[in-house]
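# Secondary and tertiary structure notes
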Amino acid sequence: MTTTEQRAEQRRRDIVDAAFKVFSQRGYHAAGIADIAAELQIGHGTFYRYFENKRDILVHVVNEAAARLMSVMVEDDPKRTSSLADYRAQTEHICARLFTLFAEDRALTRLLFVEALGADPEMTLMIQQIYRGMAAGTEQYLRNGVEKGFLRQGMDTEITAQALNGMMIACGMSLLSAEDPATERDRWIRAGMQIMFDGIVA
């Protein structure tokens with residue numbers, strides 16, 4: 001890659017980062033190209049050399065945010081565990097990483113779970129695809145447990161994965177308004193682990 005190409009790539013990255021900040025703070029509909037340009041102190045013309053319009057950069061911002069989220073969820077090997085104890089420890093570790101991301105980067109949570117969903121119907125479909133990707137990753141862990149015999153045989157792993165991910169999304173939404181995100185995160189981890197492994201029946 002030439003020096004010119006490297007500079008262009010860095011400028012593109014800077015614009016995406018600025019748009020992420022502006023969309024999460026002001027909201028997608030309230031924000032404009034002028035706000036993104038002002039964040040970087042660049043002219044409108046510079047912005048349009050890299051992106052067609054506000055909708056175009058939203059796609060890039062959402063893809064970047066989704067990649068960060070998925071990197072946390074798939075960091076571990078789904079087939080690594082061979083016992084319920086191992087799987088419980090693995091699940092708690094994943095939840096701790098994911099919920100810490102939600103607690104420490106509420107801008108990412110707001111973008112993926114609030115702003116992008118309300119942008120337009122096509123973006124809603126894109127977010128739903130991201131959710132399905134998250135569920136597919138979760139399902140790999142469940143299938144491993146079923147295949148190795150430490151999770152219930154006959155489990156509908158597809159729907160169960162979606163249900164577990166729904167709990168993860170609910171945690172992210174809760175942390176958006178939490179006065180003490182770290183404490184709220186820990187409560188979600190404890191409750192989530194109890195639901196998954198101990199149930200709610202006395």
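See the structure printed just above.
Described in the following lines is the structure provided in the data block.

Cut-offs used in this document
- Residues numbered from 1 in each chain as written.
- Predicted model: local features only at pLDDT ≥ 70, side-chain atom pairs only at ≥ 80, totals over all residues.
- Heavy atoms only, no water.
- Helix = DSSP H or I, 4+ residues; strand = E, 2+ residues; numbered from the N terminus.
- Buried < 20%, exposed > 50% of the residue type's maximum accessible area, 1.4 Å probe, protein only.
- Contact = heavy atoms within 4.5 Å.
- Areas by Shrake-Rupley, 256 points an atom, 1.4 Å probe, with all protein chains shown as cover.
- Lys, Arg positive; Asp, Glu negative; His and termini not counted.
- Charge placed at Lys NZ, Arg CZ, Asp CG, Glu CD.
- Expected span 1.5 Å × (residues − 1).
- Phe/Tyr/Trp six-rings, centres within 6.5 Å; stacked < 30°, edge-to-face > 60°.
- Lys NZ or Arg CZ within 6 Å of the ring centre and 35° of its normal.
- Core = buried A, V, L, I, M, F, W, Y, C linked by side-chain atoms within 4.5 Å.
- 1 Å grid on protein atoms, 1.4 Å probe; cavity = no way out; pocket = protein on both sides within 12 Å on 5 of 7 lines; lining within 4 Å.
- Points joined across faces, edges and corners; volume = space filled by probe spheres on them.
- Nonpolar A, V, L, I, M, F, W, Y, C, P; charged D, E, K, R; others polar.

On to the overall build of the chain. When helices and strands are counted, the chain shows nine helices and zero strands. Going from the N terminus to the C terminus, the chain shows its helices and strands as α-α-α-α-α-α-α-α-α. The principal-axis extents of the C-alpha atoms in the chain amount to approximately 60 × 40 × 30 Å. Expressed as a percentage of the 202 residues in the chain, the buried residues total 45%. Put simply, of all contacts in the chain between residues at least 6 apart along the chain, 69% involve residues at least 24 apart. Put simply, the chain shows about 10,900 Å² of open surface, and 51% of that area lies on carbon and sulfur atoms. With 23 positive and 28 negative side-chain charges, the chain shows a separation of 1 Å between the mean positions of the two kinds.

Let us now look at helix 8 (residues 157-176). For helix 8, with 20 residues, the first-to-last C-alpha span of 29 Å sits near the 28 Å given by 1.5 Å per residue. Where helix 8 is concerned, the buried positions are Thr157, Ala161, Leu164, Asn165, Met167, Met168, Ile169, Cys171, Gly172, Leu175 and Leu176. Against the buried residues of helix 8 lie helix 4 (54-73), helix 5 (84-104), helix 6 (106-115), helix 7 (121-148) and helix 9 (181-197).

Counted according to the given criterion, the structure contains eight aromatic pairs. Summarising the aromatic geometry, the rings of phenylalanine 23 and tyrosine 28 are spaced 5.3 Å apart at their centres and angled 70 degrees between planes, so their arrangement reads as edge-to-face. Both rings, one in phenylalanine 47 and one in phenylalanine 51, keep their centres 5.8 Å apart while their planes meet at 40 degrees; by these two values the pair is tilted. Taking the relative accessible area as the measure of exposure, phenylalanine 47 reaches 0% and is therefore buried. In textbook terms, an aromatic cluster arises when at least three aromatic residues are bridged by ring pairs, as seen for Phe99, Phe102, Phe113 and Tyr131. Positioned over the ring face of phenylalanine 51 is arginine 12, at 4.9 Å from the centre of the ring. Over the face of the ring belonging to tyrosine 28 we find lysine 54, whose NZ or CZ atom lies 4.4 Å from the ring centre.

A rise of 1.5 Å per residue sets the reference length of helix 1 (residues 3-26), with its 24 residues, at 34 Å; its end C-alpha atoms lie 34 Å apart and thus fit the reference within 8%. In this structure, the buried side of helix 1 is in contact with helix 2 (33-40), helix 3 (44-48), helix 4 and helix 6. Downstream of helix 1 by a residue or two, glycine 27 has a phi angle that is positive, lying close to 95 degrees.

In this section: the nonpolar core. Counting residues in each nonpolar core, the largest one holds 62 residues, and the members touching the most others are Phe23, Ile36, Ile57 and Val62. Looking at this core, the elements with two or more residues in it are helix 1, helix 2, helix 4, helix 5, helix 6, helix 7, helix 8 and helix 9. If we skip the residues at most four places from it in the chain, isoleucine 57 touches Ile15, Val16, Ala19, Phe23, Ile36, Phe47 and Phe51.

By volume, the largest pocket amounts to about 220 Å³. Tyr87, Leu142, Leu151, Arg152, Met155, Thr160, Leu164, Ile195, Met196 and Phe197 are the residues that line the largest pocket. Listing elements by their share of the lining of the largest pocket, those giving two or more residues are helix 8 and helix 9. In terms of residue class, the lining of the largest pocket is made up of eight nonpolar, one polar and one charged. The element that contributes the greatest number of residues to the lining of the second largest pocket is helix 7, accounting for six residues.

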